[in-house]
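For reference, the chains in residue letters:
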Amino acid sequence: MANSLPTEFDVVVIGTGLPESILAAACSRSGQRVLHLDSRSYYGGNWASFSFSGLLSWLKEYQQNSDIGEEGSTAWQDLVYETEEAITLCRKDETIQHTEVFCYASQDVNDNVEETDVLQKSPSWVASSTLIKPLDSACLSEETHPLYVSSYEMPAKDTTKNNGEVTDAAETLVKEYCRYKTYKHTVSDGAKDETRPILEDNSDPPKRNRITYSQIVKEGRKFNIDLVSKLLYSQGLLVDLLIKSNVSRYAEFKNVTRILAFREGKVEQVPCSRADIFNSKELTMVEKRMLMKFLTFCLDYEQHPDEYQAFVQSSFSEYLKTKKLTPNLQHFVLHSIAMMSESPCTTIDGLKATKNFLQCLGRFGNTPFLLPLYGQGEIPQCFCRMCAVFGGVYCLRHKVQCLVVDKESGRCKAIIDHFGRRISAKYFIVEDSYLSEETCLNVQYKQISRAVLITDQSVLKAESDQQISVLIVPPVEPGACAIRITELCSSTMTCMKDTYLVHLTCSSSKTAREDLESVVKKLFTPYAETEIDKEELKKPGLLWALYFNMRDSSGVSRSSYNGLPSNVYVCTGPDCGLGSEHAVKQAETLFREIFPSEEFCPPPPNPEDIFFEGDDKQPEPSGTSNIVMAKLESSEGSKNLQSPGKHLQN
């Protein structure tokens, strides 16, 4: 591929995160020749999703902390002319820090996975920073979804025949993980836990299924674990862009089914819609009327400035106290509807957030939120697919050593890759993790604390065990940040049956474990045996946990970077927000700076209206690559027949 790669493009994009992928799709759609590169072996960067063994491989790469640019790279110094200068790019990704892994699931000595005997000796362990040799890079590419697999083919991931492929790679990792040091607290080896809802009948209590670490490894391909936890507001910028550009047909989506609140040590469901409010057993009739009146006001609060003008400088929590809402309602509105913390949230911010929440209700379901099946990593891949359909060229595992800048004009002329090839372009878009320490010398980054948990039960039991929940845990100390929890069930295609995948996110003040572990202890208990008659009182069992800090560069301005040429544009990584609005705004802003006269991601043409040079009619669909769009359009019907989710439509 590298030998046949053209040496001249209009736009070179480095990194396949969400904003870079949207930009690449927009540029390709407007007729630009796009080269999209990534030094990683998977799409998405810090927006990616992994199977379980793929996530362990990803952890391994970061914890080795090796210089990824030296081996096999051709010296670039001789390729830079006297009239040029080079801006070197970063050789290793430093956006992830403080990774800690805990395993609480027991090991089955009778299991066919031979490594489990070793792991039984340390049922609770932490991943150390010194690991054995890395897996072959091909392992990661097998674990991520192929770019050109349409969503109706995805359920094949759940078939039994795929499990064998994953187990080999995962077992290798299990072998290496047996050397990890044990953490302080102890967990009993045996574990039993009920993973199915309790049926209302007169039969004996159901036997509790026992989930082992070996099971998780064997079913690893059924997991799609996100590095960043995001949801889509149903009236948000990303949903509008997916529908407008018709990229939404490449993915499938599910509704978040419920919004939860954590108050006085209990998890409760928050009524969102009018029907939910009046059907709620948690609220009195007076509270229901008060809440409906306040939410109705929030929908058009701009029309009633007298109601809030005196509290513009006050916090939203102080404003809520003046509206005669009970403490119960104040908590629901502040933390579960506006989804704000007490101190940093002003009255205007709170009213805007509440209005946005209410406007998103009812478009696709009874909550404002959607999520893609198979994980957030599907969204960048969807835009990459659109870019490829319109002629974009993709190269993974393709490192870029430096940018070549013309001294006279100060503009970037080309890049030099690790093969020593010069590739010229007019514009260059770079993910900020590729920029060197010298370029980012004056940049002040924030951090995001993340935790990923695998549990055996939901935090709030319901009649159906297929609930998708969002929970905001208020900060304990004044001035601290609230912790956002997203709980995904197996129908989202992100975890194996009878388990839940739980994501915790907050702005960092310390390491991720220090920020999040107290909340994990409140809601979950390490997986251990419990008497069946105490089942109702038992917290969900925690099978496996990962903590890590991720860099948040969303607030960094272009002027903070040193010596960037005017035709080099920087895309930042994920922010701490619940939605992806920042990424979409950034992509659109940069596109309009580069191509001010072009439309941003217009709808694709109808395949029936496409004519080809030299032909007086549409070519027959006999296998030519020029009719990819027509094939994708015609396949949508079969997707809908087999889809476990749904496609977005206006």
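Conventions adopted
Residues numbered from 1 in each chain as written. Predicted model: local features only at pLDDT ≥ 70, side-chain atom pairs only at ≥ 80, totals over all residues. Heavy atoms only, no water. Helix = DSSP H or I, 4+ residues; strand = E, 2+ residues; numbered from the N terminus. Buried < 20%, exposed > 50% of the residue type's maximum accessible area, 1.4 Å probe, protein only. Contact = heavy atoms within 4.5 Å. Areas by Shrake-Rupley, 256 points an atom, 1.4 Å probe, with all protein chains shown as cover. pLDDT = per-residue confidence, 0-100. Pairing = 2+ DSSP bridges. Axes fitted to C-alpha atoms, helices over the stretch in contact; angles between N-to-C directions. Salt bridge = Lys/Arg side-chain N within 4 Å of Asp/Glu carboxyl O. Expected span 1.5 Å × (residues − 1). Core = buried A, V, L, I, M, F, W, Y, C linked by side-chain atoms within 4.5 Å. Domains from an automatic or database assignment. Phe/Tyr/Trp six-rings, centres within 6.5 Å; stacked < 30°, edge-to-face > 60°. Lys NZ or Arg CZ within 6 Å of the ring centre and 35° of its normal.

1. What about the overall build of the protein?
Next, step 1: Within the protein, the secondary structure is distributed over 17 helices and 23 strands.
Next, step 2: Taken over 650 residues, the protein has a buried fraction of 58%.
Next, step 3: Relative to all contacts within the protein whose residues are 6 or more apart in sequence, the contacts with residues 24 or more apart total 76%.
Next, step 4: Carbon and sulfur atoms provide 48% of the accessible area of the protein, an area that totals close to 28,000 Å².

2. Things to note about the confidence of the model for the protein
Next, step 1: The predicted model of the protein has a mean per-residue pLDDT of 78, with 74% of residues at 70 or higher.
Next, step 2: With pLDDT under 50 throughout, residues 113-206 is counted as low confidence; its partners more than four residues away or in other chains account for 204 contacts.
Next, step 3: With pLDDT under 50 throughout, residues 617-643 is counted as low confidence; its partners more than four residues away or in other chains account for 40 contacts.

3. Focus on the sheet that holds strand β4 (residues 84-88)
Next, step 1: What the 4 strands build is an open sheet, ordered β4-β13-β14-β15; its pairing is antiparallel. Two strands lie at the open edges of the sheet, namely β4 and β15 (422-424), each paired on one side alone. Taken over all neighbouring pairs, the strand axes of this sheet differ in orientation by 30 degrees on average, direction set aside.
Next, step 2: As judged from the 3 bridges shared by strand β14 (residues 412-417) and β15, these two strands associate in the antiparallel manner. Bridged to alanine 414 within β15 is serine 424.

4. As for the pattern of salt bridges
Next, step 1: On inspection of all chains with the given rule, the structure shows 17 salt bridges.
Next, step 2: Two residues, glutamate 487 and arginine 258, come together in a salt bridge whose shortest N-O distance is 4.0 Å. Of the two residues, glutamate 487 is situated in strand β19 (residues 483-488) and arginine 258 in strand β9 (residues 258-263); the sequence distance between them amounts to 229 residues.
Next, step 3: Overall, glutamate 487 belongs to the buried group, its relative accessible area being 2%.

5. A word on helix α2 (residues 52-64)
Next, step 1: With 13 residues, α2 should cover 18 Å at 1.5 Å per step; its first-to-last C-alpha distance of 19 Å lies within 8% of that length.
Next, step 2: Most of α2 sits out of view: 11 of its 13 residues are buried.
Next, step 3: Where α2 is concerned, the buried positions are Phe52, Ser53, Gly54, Leu55, Leu56, Ser57, Trp58, Leu59, Lys60, Tyr62 and Gln63.

6. As for helix α1 (residues 18-29)
Next, step 1: Compared with the 16 Å implied by 1.5 Å per residue over 12 residues, the 16 Å span of α1 between its first and last C-alpha is a close match.
Next, step 2: In terms of burial, α1 is a largely internal element, 12 of the 12 residues being buried.
Next, step 3: Within α1, the full set of buried residues consists of Leu18, Pro19, Glu20, Ser21, Ile22, Leu23, Ala24, Ala25, Ala26, Cys27, Ser28 and Arg29.
Next, step 4: One or two steps after α1, the chain reaches glycine 31, where phi turns positive at roughly 95 degrees.

7. Thoughts on the environment of leucine 373
Next, step 1: Locating leucine 373 in the fold gives a position in the loop between β11 (369-372) and α13 (378-389).
Next, step 2: Its relative accessible area of 2% is what places leucine 373 among the buried residues.
Next, step 3: On a C-alpha basis, the gap between leucine 373 and alanine 251 in space is 7.4 Å, while along the polypeptide they are 122 residues apart.

8. Quick word on the nonpolar core
Nonpolar side chains in soluble globular proteins generally cluster together in the buried interior.
Next, step 1: In this structure, Phe52, Phe294, Phe316, Leu504 and Trp544 are the most contacted members of the largest nonpolar core, which totals 102 residues.
Next, step 2: Tallying contributions element by element places strand β22 (residues 541-552) first for this core, with 8 residues.
Next, step 3: Split by domain, the residues of this core number at least three in each of domain 1 (8-94 + 374-444 + 554-594) and domain 2 (273-360).
Next, step 4: With sequence-adjacent residues up to four places away left out, phenylalanine 52 is seen in contact with Tyr213, Ile216, Val217, Gly220, Phe223, Ile225, Ile454 and Trp544.
Next, step 5: If you look at the next biggest cluster of nonpolar residues, it comprises 47 residues, including Leu23, Tyr250, Val389 and Phe595.

9. Details of the sheet that holds strand β12 (residues 393-395)
Next, step 1: With respect to topology, 5 strands assemble into an open sheet ordered β12-β2-β1-β16-β23, the strand pairing being parallel. Edge positions in the sheet fall to β12 and β23 (568-571), since each has one partner strand and no second. Put simply, the sheet's adjacent strands are angled 15 degrees from each other on average, direction ignored.
Next, step 2: Pairing of strand β2 (residues 34-37) with β12 involves 3 bridges; the strand directions are parallel. Counterpart to leucine 37 in the pairing with β12 is cysteine 395.
Next, step 3: Running at roughly 175 degrees to β23, helix α15 (residues 581-594) makes contact with β16 (427-431) and β23 of the sheet.

10. Things to note about the packing of aromatic side chains
Next, step 1: Taken as a whole and judged by the stated rule, the model has 18 aromatic pairs.
Next, step 2: Taking the centre distance of 6.2 Å and the plane angle of 75 degrees together, the rings of phenylalanine 357 and phenylalanine 369 count as edge-to-face. A residue pair is termed long-range when its members are at least 10 positions apart, and phenylalanine 357 in helix α12 (residues 347-360) and phenylalanine 369 in strand β11 qualify at 12 residues. The pair formed by phenylalanine 357 and phenylalanine 369 is uniform in burial state, with each residue classed as buried.
Next, step 3: Between phenylalanine 591 and phenylalanine 600, the aromatic rings sit 5.6 Å apart at their centres with planes inclined by 55 degrees, giving tilted as the arrangement.
Next, step 4: For phenylalanine 591, a relative accessible area of 0% translates into the label buried.
Next, step 5: The class for phenylalanine 600 is buried, based on a relative accessible area of 2%.
Next, step 6: Members of the aromatic cluster, each reached through a chain of ring pairs, are Tyr42, Phe50, Trp58 and Phe548.
Next, step 7: One Lys or Arg, arginine 551, reaches over the ring of tyrosine 445 and ends 4.0 Å from the middle of that ring.

11. Here's the deal with the side chain of serine 229
Next, step 1: When you line up the elements, serine 229 lands in the loop between β6 (225-226) and β7 (232-233).
Next, step 2: Every residue in contact with serine 229, bar those within four places of it in the chain, is listed here: Arg450, Arg484, Thr486, His503, Thr505, Gly577 and Leu578.

12. A word on the pairing of strand β10 (residues 266-270)
Moving residue by residue along a regular strand, the side chains alternate between the two faces of the sheet.
Next, step 1: The sheet contact formed by β9 and β10 spans 5 bridges and is antiparallel. Each bridged residue has a counterpart across the sheet, and for alanine 261 the counterpart in β10 is glutamate 268.
Next, step 2: Here β9 hands over to β10 after 2 residues, with glutamate 264 in that stretch at a positive phi of 55 degrees.

13. With respect to the pairing of strand β18 (residues 469-473)
Next, step 1: For β18, a buried count of 5 out of 5 residues is recorded, marking the element as mostly surrounded by other parts of the structure.
Next, step 2: The alternating pattern of β18 places Ser469, Leu471 and Val473 on one face and Val470 and Ile472 on the opposite face, and all of these are buried.
Next, step 3: Pairing analysis gives 4 bridges linking β9 to β18, with the strands arranged parallel. Within the sheet, the bridge partner assigned to isoleucine 259 lies in β18 and is valine 470.

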